[in-house]
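An overview of the molecular structure
The lines below spell out each chain.
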Amino acid sequence: GWDLHENKRKGRVATVTSITEEDSDSSAQTDAVEPSPSKSVKSVGADEIVARAPPLHGGLHPVLPDQRPILPVRTSLQRWKAVGKLLLGGEGAKARLGMIAGVVLLRTLLQDRIARLNGRSVEHVLKQDRAAFVRLIGLSVLQSGASSVLAPSLKYLADALALSWRKRLTSVAHRRYLSGSTFYAASNLAGMQDVDQRVTRDVERLAHDIADLVPTLVKPLIDLAWFSSQLWALTGRRGSASLYLYAALGFGCLRAVTPDFGAMAEKQYFLEGAFRRLHVRLRTHAESVAFFGGGAREGRTVNNSFQQLQAHLERVSLVRWPHTLADDFFTKQLPNNVTWLLTLMYSLSQTGDFSNTDVQGKLVHDMRYLASVVTQCFSAFGELLGMQKRCVELDGGVLRVTGLLDTLVAADTLQRAAAADRARALSQGGNKGDVEMEEVDVATPAGRVLARKLTLAVHRGQGLLVTGPNGSGKSSVLRLLGGLWPLPSGRMALPASDTAAGPGRQDIFYVPQKPYTTIGSLREQIIYPLSVQEAAARQAGESEEAPLKRLDAKLDGLAAVVKLEHLIEREGGWGATASWGDTMSLGEQQRVGMARLFFQKPAYGVLDECTNATSVDVEEGLYEHAEELGITLITITQRTALTRFHGAELRLSDGEGDWTLRRLQ
């Protein structure tokens, strides 16, 4: 068995003895005869057992359905359609695409004009026409000016499109991620541990890559349409057929040697995110690592992660090299021979007196123009052939971003179910003001039952102590109360928030085990999650002082209660700002958490081992002040001195479903 010894009971019972192994055996025999599992009562020592877990049916531990979200399975085309629908649904996206298409069309017409001028220059040289040649130079200067305007304009429009698409994707992700407690469900229930990497780096990279892809896609399509029509006019069906036949053969050969760049890009994103997270982790825990002398160990971990990333990048480069060779051969080198072939075919089809200067000039002009047309067509084909490679590479980024959005949708569904359970519990609790759980299976989202058919009631003024070994499910009970996990079974009732008491007033306030410091001033650490304006509004009418002075006066009183006067003096007042997670000690952070509880002054305070870094005398003072404020405490702790502040104890035995509820004398 186990004993709780408390020498400061202030006149109350000094020793509380739990169920011994012999008592447990006799209780099990009694339950077998009189099966009323959640109502059986047995007196042991000075305390009274009021309920315990029902016996297992058939000796088998119950397993509930897995509540973790199941993501939809999408094909590559479905993922691209989902991303495209989001991007095109943004404000002004279609207008920007139209502007890009217009600039690309102007650029194509300008290139066609330059190609004609190149042929005409040779014609004027053959004719020795100086005046026409000077005029031609003037036109070329004007066209160069227009070209210098169009190229930067196209880049500007592509960058603007990338920024608008990043804004669109980020706003959609934030709307889902920051809705309710989806940010918790995404990482803790859906299991996506790199949400930060996907929301920031992956979204930014995908938006810019797709925006850069748009001009690369629009330009070859417009160029191909225009210059193909010019090629048809010059060479007829035979020339056009030769060009398209070569393009089809080249595309087929290049596709045959193209590796899976999408899978390689996805793995690269994953390895880069893992490498980044290790550095963030080391920075967060730098002091602990330094105390342990674990720099070499952490260094090996970080270096191993980088070596994995480097090895993958080397493999990608090795695979990319032969593909680049094939791409250059089929799209840049071999087309020169086709250009000569088409030029020869055109020249052989011409008739006339080639000794005539005018005929010679026209033939040379047409041949130079034809060479430019064929070159532009092959350039467009090359860009289209490279498009397949770029799309495959982008598919890795599309997969990660759509995976993020699908996970956020699933996590939002899960947290909405938990919120609905909590809202139902609030409506059932109503004005009664009690915390009740009736035959609730406390289970992980994976379905593992930690406490089966838990039944209890916490009345105002009668706190509950939650004890048990590590991993027995103590914090899981609080997650159900807080609405972080959906309610798998049973009924739960909670006191409704008192909205008439002021903005942000809650009837249940949670102080988690891990201290949390927000970004902001020292004042905002105490009033969190309220803003300064909301907190000041709650002091309205209490005095004639300015709202901020009234707020600071109240915070001064709380600082005295939690023994943090030295912190205010050390940091330079309530308006001071700092990296509070690094500035404050663990004990100071835990006392800030208790100050938040006292500032909110709820009916119930749920404490998850949130004072274990404070001294015993300070801890007792905090609990005594909570009693003075009329806050009923539901406390997870291993400290025996806290039993006197609670009326009952919930003992979770083994994390396999067993529990015992007893009244403390």
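Residues numbered from 1 in each chain as written. Predicted model: local features only at pLDDT ≥ 70, side-chain atom pairs only at ≥ 80, totals over all residues. Heavy atoms only, no water.

1. Some points on the overall build of the chain
Within the chain, the regular secondary structure consists of 18 helices and 13 strands. A burial count over the chain gives 45% of its 665 residues as buried. Across the chain, contacts joining residues at least 24 apart in sequence account for 75% of those joining residues at least 6 apart. For the chain, the exposed area adds up to about 33,200 Å²; of that, 57% sits on carbon and sulfur atoms. (Helix = DSSP H or I, 4+ residues; strand = E, 2+ residues; numbered from the N terminus. Buried < 20%, exposed > 50% of the residue type's maximum accessible area, 1.4 Å probe, protein only. Contact = heavy atoms within 4.5 Å. Areas by Shrake-Rupley, 256 points an atom, 1.4 Å probe, with all protein chains shown as cover.)

2. Observations concerning unusual backbone geometry
The phi torsion of most residues other than glycine is negative, and most of the peptide bonds are trans. Going from Tyr528 to Pro529, the amide bond is cis rather than trans, its omega being 15 degrees. Examined against the element boundaries, Pro529 turns out to sit in the loop between helix 12 (522-527) and helix 13 (532-537). The phi angle at Lys453 is positive, at roughly 50 degrees, despite the residue not being glycine. One can find Lys453 in strand 6 (residues 449-458). Phi at Glu609 takes a positive value of approximately 45 degrees, unusual for a residue other than glycine. In this structure, Glu609 sits in the loop between strand 10 (604-608) and helix 18 (616-628).

3. Examining the nonpolar core
One finds Trp165, Met437, Leu464, Ile634, Leu650 and Trp659 to be the most contacted residues of the largest nonpolar core, which totals 75 residues. Per element, the largest residue contribution to this core is eleven residues, and it comes from helix 6 (residues 195-256). Ignoring any residue separated from it by four or fewer positions in sequence, one finds Met437 in contact with Leu454, Thr455, Leu456, Val477, Leu480, Leu481, Arg491 and Met492. (Core = buried A, V, L, I, M, F, W, Y, C linked by side-chain atoms within 4.5 Å.)

4. Considering the pattern of salt bridges
Within the structure shown, the criterion is met by 24 salt bridges. Close ionic contact of Asp406 with Arg74 constitutes a salt bridge, the shortest N to O distance being 2.9 Å. Separated by 332 residues along the polypeptide, Asp406 in helix 10 (residues 357-429) and Arg74 in the loop between strand 4 (47-52) and helix 2 (76-88) bring together distant segments of the chain. A relative accessible area of 12% means that Asp406 is categorised as buried. Asp196 serves as the salt-bridge partner of Arg276, at 3.2 Å between the closest nitrogen and oxygen. One end of the pair, Arg276, is in helix 7 (residues 261-284); the other, Asp196, is in helix 6, and 80 residues separate them in sequence. By relative accessible area, Arg276 is classed as partly exposed at 37%. What makes Asp196 partly exposed here is its relative accessible area of 37%. Because the salt bridges share partners, they merge into one network encompassing Asp194, Arg198, Asp202 and Arg400. (Salt bridge = Lys/Arg side-chain N within 4 Å of Asp/Glu carboxyl O.)

5. Structural notes on the confidence of the model for the chain
Across the chain, pLDDT averages 80, with 86% of residues at or above 70. The secondary-structure element of the chain with the lowest mean pLDDT is strand 2 (residues 15-17), recorded at 32, while helix 12 shows the highest, at 94. In this model residues 1-46 is a low-confidence stretch, pLDDT under 50, and it forms 76 contacts with partners more than four residues away in sequence or in other chains. The low-confidence segment residues 499-505, where pLDDT is below 50, has 13 contacts with residues more than four positions distant or belonging to other chains. (pLDDT = per-residue confidence, 0-100.)

6. A look at the environment of Leu341
Of note, Leu341 is situated in helix 9 (residues 295-348). Distance in space between the C-alpha atoms of Leu341 and Ser242 is 9.6 Å, their sequence separation being 99 residues.

7. Thoughts on the sheet that holds strand 6
Pairing in this open sheet of three strands is antiparallel, and the strands run 6-5-8 from one edge to the other. For this open sheet the edge positions go to strand 6 and strand 8 (491-493), each flanked by a neighbour on one side alone. Strand-to-strand, the axes of this sheet are offset by a mean angle of 20 degrees, without reference to chain direction. In this structure, strand 5 (residues 435-443) lies alongside strand 6, joined through six bridges in antiparallel fashion. The residue of strand 6 that forms the bridge with Glu436 is Ala457. Its contacts with the sheet place helix 11 (residues 474-481) against strand 5, strand 6 and strand 8, and it is angled at close to 120 degrees to strand 5. (Pairing = 2+ DSSP bridges. Axes fitted to C-alpha atoms, helices over the stretch in contact; angles between N-to-C directions.)

8. Describing the packing of helix 17 (residues 586-600) against helix 18
At a closest axis distance of 11 Å, the pairing of helix 17 and helix 18 adopts a crossing angle of 10 degrees. Regarding the angle of helix 17 to helix 18, the classification is roughly parallel. Seen from helix 17, the contacting residues are Arg591, Met594 and Phe598; seen from helix 18, they are Val618, Leu622, His625 and Ala626. Residues that form the contact of helix 17 with helix 18 fall into these classes: five nonpolar, one polar and one charged. (Parallel < 35°, antiparallel > 145°, perpendicular 65-115°, else oblique. Nonpolar A, V, L, I, M, F, W, Y, C, P; charged D, E, K, R; others polar.)

9. Side note on the pairing of strand 7 (residues 464-467)
Going residue by residue along strand 7, you find Leu464 and Val466 tucked away on one face and Leu465 and Thr467 tucked away on the opposite face as well. Examined bridge by bridge, strand 7 and strand 11 (residues 632-636) share three bridges and lie parallel to one another. Pairing of Leu465 across the sheet is with Thr635, part of strand 11.

10. Brief notes about a nonpolar patch on the surface
A grouping of Leu105, Leu106 and Leu109 is seen on the molecular surface, where their side chains present a nonpolar patch of about 260 Å² in accessible area. Its location among the elements puts Leu109 in helix 3 (residues 93-127). (Patch = residues over 30% accessible without salt bridge, like charges linked within 9 Å, V, L, I, M, F, W, Y side chains within 5 Å.)

11. Points about the packing of aromatic side chains
A full pass over the atoms with the stated rule returns three aromatic pairs. Between the aromatic rings of Phe275 and Phe306, the centroid separation amounts to 5.3 Å while the plane-to-plane angle is 45 degrees, which identifies the pairing as tilted. One end of the pair, Phe275, is in helix 7; the other, Phe306, is in helix 9, and 31 residues separate them in sequence. By relative accessible area, which is 38% here, Phe306 ends up partly exposed. Between Tyr623 and Phe645, the aromatic rings sit 5.5 Å apart at their centres with planes inclined by 35 degrees, giving tilted as the arrangement. In this pair, Tyr623 is assigned in helix 18 and Phe645 in the loop between strand 11 and strand 12 (648-652), connecting sequence segments 22 residues apart. Taking NZ or CZ as reference, Lys554 lies 5.1 Å from the ring centre of Phe599, over its face. (Phe/Tyr/Trp six-rings, centres within 6.5 Å; stacked < 30°, edge-to-face > 60°. Lys NZ or Arg CZ within 6 Å of the ring centre and 35° of its normal.)

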